[in-house]
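Residues per chain, in single letters:
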Amino acid sequence: AHYEDGGYVDFFGTRYAIKVRDMGRRLCVIHGKTLVVYHHDVTMTVEAYLRQALRDYLEEAIEAFMQAGFPQAPSGLWISKMTSRFGSCKLPEGRLHFSFYLCHFEKEDIRAVVIHELCHLLEPSHNAHFYALVEQYMPTYRQVEKHLKQGGLTA
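Rules and cut-offs
- Counting starts from 1 at the beginning of each chain's written sequence and moves along it residue by residue.
- Local features in this predicted model are restricted to residues of pLDDT 70 or higher, and side-chain atom pairs are both shown and tallied only at a pLDDT of 80 or more, whereas totals for entire chains, interfaces and linings draw on every residue.
- To get the side-chain values, take all heavy atoms of the structure and skip hydrogens and water.
- By the convention used here, strands pair only if DSSP detects at least 2 bridges between them.
- Under the scheme used here, helices are H or I runs from DSSP no shorter than 4 residues and strands are E runs no shorter than 2 residues, and both carry numbers assigned from the N terminus.
- Angles shown run from 0 to 180 degrees and are taken between the N-to-C directions of axes, each axis being a line fitted to C-alpha atoms and, for helices, limited to the stretch in contact.
- Any angle from 65 to 115 degrees is called roughly perpendicular, while one under 35 is roughly parallel, one over 145 is roughly antiparallel, and all others are oblique.
- Each helix crossing is assigned a hand: it is left-handed if the near helix lies turned anticlockwise from the far helix by less than a right angle, otherwise right-handed if that turn is clockwise.
- Contacts are residue-level and defined by heavy atoms, with any inter-residue pair within 4.5 Å sufficient.
- Nonpolar residues are Ala, Val, Leu, Ile, Met, Phe, Trp, Tyr, Cys and Pro. Charged residues are Asp, Glu, Lys and Arg, and all others, Gly as well, are polar.
- Here a cavity means grid points, on a 1 Å grid over the protein atoms only, where a 1.4 Å probe fits yet cannot get out; a pocket means an open set of points with protein on both sides within 12 Å along at least five of seven lines; lining residues are those with an atom within 4 Å of a point.
- Grid points are joined across faces, edges and corners, and a volume is the space filled by probe spheres set on the points.

*Asks:* What exactly am I supposed to notice about the pairing of strand β2 (residues 14-20) here?
*Replies:* Side chains on a regular strand alternate between the two faces of the sheet. In this structure, strand β1 (residues 8-11) lies alongside β2, joined through 4 bridges in antiparallel fashion. Across the sheet, residue F11 finds its bridge partner in β2, namely T14. In this structure, the hairpin formed by β1 and β2 is closed by a connection of 2 residues, where F12 is found at a positive phi of approximately 50°. Pairing analysis gives 4 bridges linking β2 to strand β4 (residues 34-37), with the strands arranged parallel.

*Asks:* Just checking my understanding: could you explain the sheet that holds strand β3 (residues 28-31) for this structure?
*Replies:* Strand pairing within a sheet occurs via backbone hydrogen bonds; the two strands may be parallel or antiparallel. Read across the sheet, 4 strands follow the order β1-β2-β4-β3 without closing on themselves; strand pairing throughout is mixed. This sheet does not close on itself; its edge strands, each paired only once, are β1 and β3. Averaged over all pairs of adjacent strands, the angle between their axes in this sheet comes to 35°, without regard to strand direction.

*Asks:* Just checking my understanding: could you explain the packing of helix α2 (residues 107-120) against helix α3 (residues 128-137) for this structure?
*Replies:* In helix packing, the relevant descriptors are the interaxial angle and the interaxial distance, both defined with respect to the helix axes. At a minimum axis distance of 9 Å, the contact between α2 and α3 shows a crossing angle of 130°. The orientation of α2 relative to α3 falls into the category oblique. As α2 packs across α3, the resulting crossing turns out to be right-handed. Between α2, through I115, H116, C119 and H120, and α3, the contact on the second element is made entirely by F130, Y131, L133, V134 and Y137. For the contact of α2 with α3, the class distribution of residues is 7 nonpolar, 2 polar and no charged.

*Asks:* Please clarify how the layout of surface pockets should be interpreted in this entry.
*Replies:* Any empty space left between the atoms is revealed when a probe the size of a water molecule rolls over them. In this model, the largest pocket occupies a volume close to 330 Å³. Elements with a contribution of two residues or more to the lining of the largest pocket: β6 (87-90), α2 and α4 (141-149). Counting residues per element, the lining of the largest pocket draws most heavily on α2, which supplies 5 residues. Among the residues forming the lining of the largest pocket, the class breakdown is 9 nonpolar, 5 polar and 4 charged.

Right under this line is the structure:
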């Protein structure tokens, strides 16, 4: 993506106009439907903001599943600019990897990716047991997965 003054960014399913006010601070602030960027390096500043917000939300979602009784916590969480998948689970280490680009999707879509990858800690294959486990923790998983595969677009 190319972020610039007058451009936009999709963040957690909402589109924000980008307004640059260069004050030499690597900071972004949301005001209504505007993302104000306080640095001339807009791309780096916006991507750092999105990455941190995504990390915070991923950690929050993982913690919520742990509190709901999920039996195994991941050993670590990584975010990278994967384009071929939304997430992956590295076994036997138990590390979860998520695509940076998830930050553009709605939080419910991101939760579906989180529980999908968490369930791989217990079941590496995409078999019936795996999907039963996923749906145990997120009964709406199949619907959300369809939405995610359509690019997060609402019909």
